[in-house]
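Observations on chain architecture
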Amino acid sequence: MRGGRVAVVGGSIAGCASALAAYRGGAEEITVFERASEQLADRGVGLAMHNARYAELEARAFLDPSMPWLQLKRRCWYVRDGAEPMGRLVGTLPFPFRTYNWGPLWRELRDRVPASVDFRAGAIVERFELGGPGVELTTAGGGTERFDIVVGADGYRSTVRAAACPEVRPQYAGYLAWRGSFPVERLPDAGRWPAEDCVYAVFPGGHAVIYRIPDGRGGRRVNWVLYSAPPSDHGLPLDSPTSLPPGTLTDALRDRALEIADTQLAPFWGQLIHLTEPGELFVQPMYDFSAPRYASGRLVLTGDAATVARPHTGGGAVKALQDATALESALASATSWPEALAAYDAERSPIGRGMVELGRTLGLGLVQQTPDWSAMDQNGLDSYWQQADGSGTFGGHRIP
Ligand SMILES: Cc1cc2nc3c(=O)[nH]c(=O)nc-3n(C[C@H](O)[C@H](O)[C@H](O)COP(=O)(O)OP(=O)(O)OC[C@H]3O[C@@H](n4cnc5c(N)ncnc54)[C@H](O)[C@@H]3O)c2cc1C
């Protein structure tokens with residue numbers, strides 16, 4: 001297929017990649033509507049990407065080596081052991097993952113969106129009229145435009161998904177992720193922690209995942225995510241997905257993270273929470289869902305708009321980028337819009353469902369029904385992980 005008008009709602013990871021996909025897939029006019037008027041590059045923390053998934057995305061020209069990254073090699077599982085600074089090493093597992101800093105990664109993707117794409121920052125899409133040829137899209141200012149297809153890359157609270165699959169209800173998982181990052185120079189004795197080690201600091205009822213990320217300017221940051229249940233007085237509205245940006249945490253939420261740091265994590269790992277300043281700390285309640293279809297009429301879903309799996313899967317950004325590669329192939333090989341969207345849906349929606357299932361299984365074993373870590377050794381860890389990731393899709397599915 002060549003030609004046609006494509007709207008992309010959302011200009012984050014999935015939005016930039018979807019615009020690139022539409023361009024390479026042959027669309028003639030592409031418009032990106034992004035709610036944020038400021039640069040997204042100043043926001044975000046770390047993400048990790050499996051080496052093999054990276055290689056596939058590099059081969060499809062969605063990522064390249066000049067995007068700042070760091071290489072990890074192994075995952076070290078530590079459990080608190082009295083005053084032992086690092087805790088007891090339960091065991092290690094291979095971890096061939098690269099780490100990225102969300103902001104610089106977004107900046108690089110944004111730079112690769114072709115100049116012919118009309119990228120409108122500060123443009124909020126409000127609704128769609130689905131009758132007639134294509135879709136009529138209305139923005140917050142009241143302006144309307146008609147497109148052949150609309151790609152919903154507008155994240156977990158997607159307006160496009162609300163129109164395409166109104167029955168989807170994100171499910172609260174029952175626990176939170178506290179997240180933080182800070183310059184590595186702030187960490188005393190950083191040499192005790194090898195740069196290629198990703199740490200899982202495990203405890204009854206949760207764990208912290210800790211690794212270094214590039215800062216995008218040649219330096220490094222410590223990046224951590226702590227998963228556990230909220231305190232009873234959390235004050236969060238949990239009926240629909242939300243997140244508390246840096247600097248807005250209540251005392252109860254911050255105190256709970258510090259309490260876990262002091263009572264559940266070994267001292268070296270617990271100090272990371274203390275070293276994180278309020279403006280570097282935020283909270284995301286965990287939700288998941290998968291849209292039952294990735295395309296409905298002329299509306300298409302990519303990235304978090306289509307599926308949010310719990311982050312234990314290590315594959316959120318990979319999935320968003322893979323969605324874009326599939327969209328490109330579908331647009332390039334089909335002879336009509338409906339054919340392209342049906343092919344895209346058939347390829348990607350089962351993968352979204354699979355990632356949600358994996359996230360739930362990992363959430364059980366890592367947060368909700370944790371094993372007795374204090375009694376576990378390397379053999380126990382090997383069989384625990386084999387059971388937890390039975391599908392072998394931790395880090396994302398292989399691109400077919
Ligand atoms: C600022 C920011 C920082 C992030 N930082 C991290 C991180 O550090 N680590 C991590 O693992 N994940 C991070 N994420 C989430 C991560 O990007 C996603 O989980 C995943 O990569 C898929 O991205 P996405 O593009 O589908 O969704 P998102 O990244 O959520 O992007 C959705 C985009 O759509 C825009 N949008 C929403 N509604 C409308 C509308 N009606 N009209 C126009 N635009 C709209 C939003 O402003 C947003 O830019 C971040 C997301 C954002 C927006």
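All values derive from a computational prediction rather than experimental measurement. (Residues numbered from 1 in each chain as written. Predicted model: local features only at pLDDT ≥ 70, side-chain atom pairs only at ≥ 80, totals over all residues. Heavy atoms only, no water.)

Tallying secondary structure elements over the protein chain gives nine helices and 20 strands in all. Taking 2.2 N^0.38 as the reference for a compact globule, 400 residues should give roughly 21 Å; the C-alpha atoms of the protein chain span a radius of gyration of 21 Å, in line with that estimate. With respect to the three principal axes, the spread of C-alpha positions in the protein chain is 70 × 40 × 40 Å. By the burial criterion, 56% of the 400 residues in the protein chain qualify as buried. (Helix = DSSP H or I, 4+ residues; strand = E, 2+ residues; numbered from the N terminus. Rg over C-alpha atoms; globule rule 2.2 N^0.38 Å. Buried < 20%, exposed > 50% of the residue type's maximum accessible area, 1.4 Å probe, protein only.)

The subject of this paragraph is helix 7 (residues 316-333). Relative to the 26 Å expected for 18 residues at 1.5 Å per residue, helix 7 spans 26 Å between its end C-alpha atoms, a close match to the ideal helical length. For helix 7, the tally of buried residues reaches 14 of 18 residues, placing the bulk of the element in the interior. (Expected span 1.5 Å × (residues − 1).)

Under the domain assignment used here, the protein chain contains domain 1 (5-43 + 103-169 + 289-359) and domain 2 (70-101 + 173-287 + 366-388). Between the C-alpha centres of domain 1 and domain 2 the distance comes to 31 Å. The interface formed by domain 1 and domain 2 contains zero salt bridges. Linking domain 1 with domain 2 are five residue pairs in polar contact (both at pLDDT 80 or more), by the criterion used here. (Domains from an automatic or database assignment. Salt bridge = Lys/Arg side-chain N within 4 Å of Asp/Glu carboxyl O. Polar contact = N/O pair within 3.5 Å; in protein donor to acceptor, adjacent residues only side chain to side chain.)

Turning our eyes to something else, we now look at the environment of Gly174. Of note, Gly174 is situated in strand 13 (residues 171-183). Of the residues examined, Gly174 reaches a relative accessible area of 36% and is grouped as partly exposed. For the pair Gly174 and Pro114, spaced 60 residues apart in sequence, the C-alpha to C-alpha distance is 41 Å. If we skip the residues at most four places from it in the chain, Gly174 touches Ala229 and Pro230. (Contact = heavy atoms within 4.5 Å.)

Turning our eyes to something else, we now look at the nonpolar core. Counting 72 residues, the largest nonpolar core has Val6, Met49, Leu137 and Val150 as its most contacted members. For this core, the element with the highest residue contribution is helix 7, accounting for nine residues. Ignoring any residue separated from it by four or fewer positions in sequence, one finds Leu137 in contact with Ala7, Val9, Phe33, Val125, Arg127, Phe128, Gly143, Thr144, Glu145, Phe147 and Val150. In terms of nonpolar packing, the next biggest core, distinct from the first, is built from 36 residues, Cys76, Ala190, Phe203 and Val283 among them. (Core = buried A, V, L, I, M, F, W, Y, C linked by side-chain atoms within 4.5 Å.)

Around the ligand sit 27 residues, and of these Ser12, Glu34, Val45, Trp102 and Asp304 come closest. Within the side chain of Trp102, a nitrogen or oxygen atom sits 2.8 Å from an oxygen atom of the ligand. Val125 has a polar backbone atom sitting 3.0 Å from a nitrogen atom of the ligand. For the ligand, the accessible surface in isolation is 900 Å², of which the surrounding protein chains cover 85%. Looking at the shell around the ligand, the elements with two or more residues in it are helix 1 (13-24), strand 2 (29-34), strand 3 (46-50) and helix 7. Tallied by class, residues from the shell around the ligand come to 14 nonpolar, seven polar and six charged. (Near = heavy atom within 4 Å. Areas by Shrake-Rupley, 256 points an atom, 1.4 Å probe, with all protein chains shown as cover. Nonpolar A, V, L, I, M, F, W, Y, C, P; charged D, E, K, R; others polar.)

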